Amino acid sequence: MTAVIFFYNDHRKTFHRLVGCKTLLALQTFSAAADGQGIVFERHCCRLKALLPQLAQAADELTSARHQAARNFLSRIKRELEFLNMPNVKLTVSADRCDYMPNGQDELELLISSNAGEAPKPLAKIASGGELSRVMLSIKNVLAEKDQVGTAIFDEIDTGVSGSAAQKIGKK
């Protein structure tokens, strides 16, 4: 996760400069087209085409860093969930490419399966209240290592949880 943040900070200026240039070129293109200045339009198109490989490279590097960070992040969340009585949990991230945005070119979604033999599906669609509570607690525990938050307060974290899972949640 930290690698992704550092990568983003390192490349944020380049990305914003490219996006700003793309926006400026779009405005200038509209202006040039309205004025009938085909030469200006061509010059701006050439500038934009020259910058697009840099944008694509930065987006690809960010995607690669995200995939690497996700593997580590999900592994740590899985360990937390196994402790919280979800021994068969499988976690993965669905990653789709989209148009360039300030935070990259990825649309990510957390997929989960809490039952053996079941394919992971979107967390938002299949998790029960108890599973959501444990996933939220697990994510907060993993992030707390970097967040430097001394205390986290969860309201109704035990919703839908009972028995030994509830006792383990209390320990966390």
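Rules behind the numbers
Residues numbered from 1 in each chain as written. Predicted model: local features only at pLDDT ≥ 70, side-chain atom pairs only at ≥ 80, totals over all residues. Heavy atoms only, no water. Helix = DSSP H or I, 4+ residues; strand = E, 2+ residues; numbered from the N terminus. Buried < 20%, exposed > 50% of the residue type's maximum accessible area, 1.4 Å probe, protein only. Contact = heavy atoms within 4.5 Å. Areas by Shrake-Rupley, 256 points an atom, 1.4 Å probe, with all protein chains shown as cover. Core = buried A, V, L, I, M, F, W, Y, C linked by side-chain atoms within 4.5 Å. Pairing = 2+ DSSP bridges. Patch = residues over 30% accessible without salt bridge, like charges linked within 9 Å, V, L, I, M, F, W, Y side chains within 5 Å. Salt bridge = Lys/Arg side-chain N within 4 Å of Asp/Glu carboxyl O. Lys, Arg positive; Asp, Glu negative; His and termini not counted. Charge placed at Lys NZ, Arg CZ, Asp CG, Glu CD. Expected span 1.5 Å × (residues − 1).

**Quick notes on the overall build of the protein**
Okay, so step 1: For the protein, the count of helices and strands is 5 helices and 3 strands.
Okay, so step 2: The helix and strand sequence of the protein, counted from the amino end, reads α-α-β-β-β-α-α-α.
Okay, so step 3: Sorting the 172 residues of the protein into buried and exposed places 30% on the buried side.
Okay, so step 4: Taking the contacts inside the protein whose residues are at least 6 apart along the sequence as the reference set, 56% of them involve residues at least 24 apart.
Okay, so step 5: Carbon together with sulfur atoms contributes 55% to the accessible area of the protein, which is approximately 10,800 Å² in total.

**Details of the nonpolar core**
Okay, so step 1: Judged by nonpolar contacts, Phe73, Leu74, Ile77, Leu81, Met86, Val89, Leu91, Ile112, Leu123, Ala127, Val135 and Val142 together constitute the single largest core of 12 residues.
Okay, so step 2: Ranked by residues supplied to this core, first place goes to helix H2 (residues 38-83) with 4 residues.
Okay, so step 3: Residues contacting Val89, with those up to four places away along its chain left out, are Lys78, Leu81, Glu82, Ile112, Ser113 and Ser114.

**Focus on the sheet that holds strand S2 (residues 104-113)**
Sheet strands pair via backbone hydrogen bonds, and the direction of the pair is either parallel or antiparallel.
Okay, so step 1: Read from one edge to the other, the open sheet built from 3 strands follows the order S1-S2-S3, with strand pairing classed as antiparallel. Each edge of the open sheet carries a strand with a single partner, namely strand S1 (90-101) and strand S3 (121-122).

**Brief notes about the pairing of S1**
Okay, so step 1: In this sheet, S2 lies alongside S1 in antiparallel orientation, the contact comprising 9 bridges. Of the residues in S2, the one forming a bridge with Asp96 is Glu107.

**Quick look at a negative patch on the surface**
Okay, so step 1: Judged by side-chain charge, Asp96, Asp99, Glu107 and Glu109 come together as a negatively charged surface patch.
Okay, so step 2: Of all the secondary structure elements, the ones that give two or more residues to the negative patch are S1 and S2.
Okay, so step 3: Structurally, the position occupied by Asp99 is in strand S1.
Okay, so step 4: Asp99 sits in the exposed class, given a relative accessible area of 65%.

**Focus: helix H4 (residues 129-147)**
Okay, so step 1: Over its 19 residues, H4 runs 25 Å from end to end, which matches the ideal 27 Å to within 8%, given 1.5 Å per residue.
Okay, so step 2: Within H4, the full set of buried residues consists of Gly130, Glu131, Ser133, Arg134, Val135, Leu137, Ser138, Asn141 and Val142.
Okay, so step 3: Taken from the residues just after H4, Gln148 is the one with a positive phi, measuring 60°.

**What to know about the pattern of salt bridges**
Okay, so step 1: Across all of its chains, the model carries 3 salt bridges by this definition.
Okay, so step 2: The residue Asp106 makes a salt bridge to Arg66 at a minimum N-O spacing of 2.8 Å. Linking Asp106 in strand S2 with Arg66 in helix H2, this pair joins segments that are 40 residues apart in sequence.
Okay, so step 3: Its relative accessible area of 18% is what places Arg66 among the buried residues.
Okay, so step 4: For Glu82, the salt bridge goes to Lys78, with nearest N and O atoms at 2.5 Å. Taken together, the residues Glu82 and Lys78, both in helix H2 and 4 residues apart, mark about one turn of the helix.
Okay, so step 5: By relative accessible area, which is 33% here, Glu82 ends up partly exposed.

**Topic: unusual backbone geometry**
Okay, so step 1: You will see that Asn85, though not glycine, has its phi angle at about 65°, which is positive.
Okay, so step 2: On the secondary structure map, Asn85 appears in the loop between H2 and S1.

**Some details on the side chain of Glu131**
Okay, so step 1: Checked against the element boundaries, Glu131 lands in helix H4.
Okay, so step 2: Lacking a salt bridge, the buried Glu131 has Arg134 as its closest oppositely charged neighbour, with an N-O distance of 5.6 Å.
Okay, so step 3: Dropping the residues within four chain positions of it, Glu131 is found in contact with Met86, Ser114 and Ile126.

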